[in-house]
Amino acid sequence: GAGVSQSPSNKVTEKGKDVELRCDPISGHTALYWYRQSLGQGLEFLIYFQGNSAPDKSGLPSDRFSAERTGGSVSTLTIQRTQQEDSAVYLCASSLAGSGANVLTFGAGSRLTVL
Amino acid sequence: DAKTTQPTSMDCAEGRAANLPCNHSTISGNEYVYWYRQIHSQGPQYIIHGLKNNETNEMASLIITEDRKSSTLILPHATLRDTAVYYCIAKSGAGSYQLTFGKGTKLSVIP
């Protein structure tokens, strides 16, 4: 597609429920990234994919968070047993990630509210 | 990745040039300087990047000092829509690819 598409744009859930957030990157982009941004805070790196593999999962805050990418394209970020502190905007980005400069294109984000 | 230092906030009058500084004194030879901005409630937006030479595109100009220890992002004619947080990032093109966003500079364009 023309840009990075994320869904849902807004999600309200109850504490303890599982949620799935989807990211559809720019066609042909080999790298995909997940970040989150809590209210009034900076961007926090979560995980990065090169193709379908995730060489860097260092930012996942707990084992309740997982992500996968299939077909080198769409990615899903899953949060199990959500907690109120998981409330944030979850941002996805993609890039060509070749040699040289690496420009990330971000989606509009998925706003998660855990009640 | 080299550490970058930016002022916390800046004001600029509408229609004037906005000059946003960034210090990256420990930058290595293969690290690019990237600028992104984040307008309230939106995802970050790429602005421009450079390695050694000054760069210009439709959004902005990037001036990198000869020793590469600092750079300046220039918005030639700031508008109210340029009010945003501006991030300067130094990152090499090799290895892990994620960008680390610091606190950036909150630019307020004033009518």
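Described below are features of the structure shown in this document. Predicted, not measured: the structure shown is a model, and the values here were computed from it.

The rules we used
- Counting starts from 1 at the beginning of each chain's written sequence and moves along it residue by residue.
- Working convention: letters from A go to chains and numbers from 1 go to ligands, in the order in which they are written.
- Totals for whole chains, interfaces and linings use every residue, but because this is a predicted model, local features are given only for residues with pLDDT of at least 70 and side-chain atom pairs only at 80 or more, for both listing and counting.
- To obtain the side-chain values, all non-hydrogen atoms of the structure were used and water was disregarded.
- A run of H or I in DSSP counts as a helix once it spans at least four residues, and a run of E counts as a strand once it spans at least two, with each numbered from the N terminus.
- Just to be clear, the radius of gyration here is over C-alpha atoms, and the globule rule we use is 2.2 Å times residues to the power 0.38.
- Partly exposed residues are those whose accessible area sits between 20% and 50% of the maximum for their type, while under 20% is buried and over 50% is exposed, using a 1.4 Å probe and protein chains only.
- Working rule for contacts: check all heavy atoms of both residues, and any pair within 4.5 Å makes them a contact.
- Using the Shrake-Rupley algorithm and a 1.4 Å probe, accessible areas are obtained, with residue cover drawn only from the displayed protein chains.
- Here is the rule: rings of Phe, Tyr and Trp (six-membered ring for Trp) pair when centre to centre is within 6.5 Å. Planes less than 30 degrees apart are stacked, more than 60 are edge-to-face, and the remainder are tilted.
- Whether two strands pair depends on DSSP finding at least two bridges between them.
- Note on terms: buried area is the combined drop in 1.4 Å-probe accessible area of two parts once they are placed together, counting the loss on both.
- Take a side-chain nitrogen of Lys or Arg and a carboxyl oxygen of Asp or Glu: if they are within 4 Å of each other, that pair is a salt bridge.
- Ten residues, namely Ala, Val, Leu, Ile, Met, Phe, Trp, Tyr, Cys and Pro, are considered nonpolar, four, namely Asp, Glu, Lys and Arg, are considered charged, and the remaining ones, Gly among them, are considered polar.

## Considerations on the overall build of chain A
Within chain A, the secondary structure is distributed over zero helices and eleven strands. Of the regular secondary structure in chain A, the N- to C-terminal order runs β-β-β-β-β-β-β-β-β-β-β. Taken against the 2.2 N^0.38 rule, which gives 13 Å for 115 residues, the C-alpha radius of gyration of chain A at 13 Å falls within 12% of a compact globule. When the 115 residues of chain A are sorted by exposure, 46% land in the buried category. Taking contacts inside chain A between residues at least 6 apart in sequence as the whole, the part at least 24 apart equals 54%. Summed over its atoms, the accessible surface of chain A is roughly 5,300 Å², and 46% of this surface lies on carbon and sulfur atoms.

## Quick word on the packing of aromatic side chains
For any pair of aromatic rings, the description consists of the separation of the ring centres together with the inter-plane angle of the planes. Taken as a whole and judged by the stated rule, the model has ten aromatic pairs over all chains. Arranged with centres 6.3 Å apart and planes meeting at 85°, the rings of A:Phe106 and B:Tyr36 form a pair that is edge-to-face. One end of the pair, A:Phe106, is in strand S10 (residues 105–106); the other, B:Tyr36, is in strand S3 (residues 31–38), on a second chain. Among the residues examined, B:Tyr36 registers a relative accessible area of 0% and is labelled buried. With centroids separated by 6.1 Å and ring planes inclined at 45°, the aromatic side chains of B:Tyr32 and B:Tyr34 adopt a geometry described as tilted. Overall, the relative accessible area of 16% leaves B:Tyr32 in the buried class. Members of the aromatic cluster, connected to one another through ring pairs, are A:Tyr35, A:Phe45, A:Phe106, B:Tyr36, B:Tyr46, B:Tyr87 and B:Phe101.

## A word on the pairing of strand S7 (residues 70–75) of chain B
Residues and elements named next belong to chain B. Side chains Ser71, Leu73 and Leu75 of S7 all project onto a buried face; the interleaved residues Ser70, Thr72 and Ile74 project onto a face where none is buried. As defined by bridge partners, strand S2 (residues 18–23) adjoins S7 across six bridges and the pair is classed as antiparallel. Following the sheet pairing, Asn19 is matched in S7 by Ile74. Adjacent in sequence and paired antiparallel, strand S6 (residues 61–64) and S7 are bridged by five residues, among which Arg68 carries a positive phi angle near 65°.

## Some thoughts on the interface of chain A and chain B
Taken together, the contact pairs 21 residues of chain A with 15 residues of chain B. Buried area between chain A and chain B, summed over both chains or domains, comes out near 1,500 Å², and the portion from carbon and sulfur atoms is 57%. Where chain A touches chain B, the interface holds zero salt bridges. For the side of chain A that touches chain B, the secondary structure elements donating two or more residues are strand S4 (31–37) and strand S5 (44–50) of chain A. When the residues that make up the side of chain A that touches chain B are grouped by side-chain class, the tally is twelve nonpolar, seven polar and two charged.

## Observations regarding the pattern of salt bridges
Residues and elements named next belong to chain A. According to the stated counting rule, one finds five salt bridges over all chains in the structure shown. As a salt-bridge pair, Arg36 and Glu44 come within 2.8 Å of each other at their nearest N and O atoms. Owing to a relative accessible area of 32%, Glu44 belongs among the partly exposed residues under this scheme. Asp86 serves as the salt-bridge partner of Arg64, at 2.8 Å between the closest nitrogen and oxygen. Placement of the pair is Arg64 in the loop between strand S6 (53–56) and strand S7 (65–69) and Asp86 in the loop between strand S8 (75–79) and strand S9 (88–95), with a sequence separation of 22 residues. Both residues of the pair, Arg64 and Asp86, count as buried.

## Considerations on the environment of A:Gly98
All names here are of chain A. Inspection of the secondary structure assignment puts Gly98 in the loop between S9 and S10. On the basis of relative accessibility, which here comes to 33%, the residue Gly98 falls in the partly exposed class. For the pair Gly98 and Ala31, spaced 67 residues apart in sequence, the C-alpha separation works out to 9.1 Å.

## Quick notes on unusual backbone geometry
Here A:Ser7 and A:Pro8 are connected by a cis peptide whose omega angle stands at -10°. By the secondary structure assignment, A:Pro8 is in the loop between strand S1 (5–7) and strand S2 (10–13). The phi dihedral of A:Arg81 is positive, around 50°, even though this residue is not glycine. Its location among the elements puts A:Arg81 in the loop between S8 and S9. The phi dihedral of B:Arg68 falls on the positive side, at around 65°, and the residue is not glycine. With respect to the helices, strands and loops of the structure, B:Arg68 is situated in the loop between S6 and S7.

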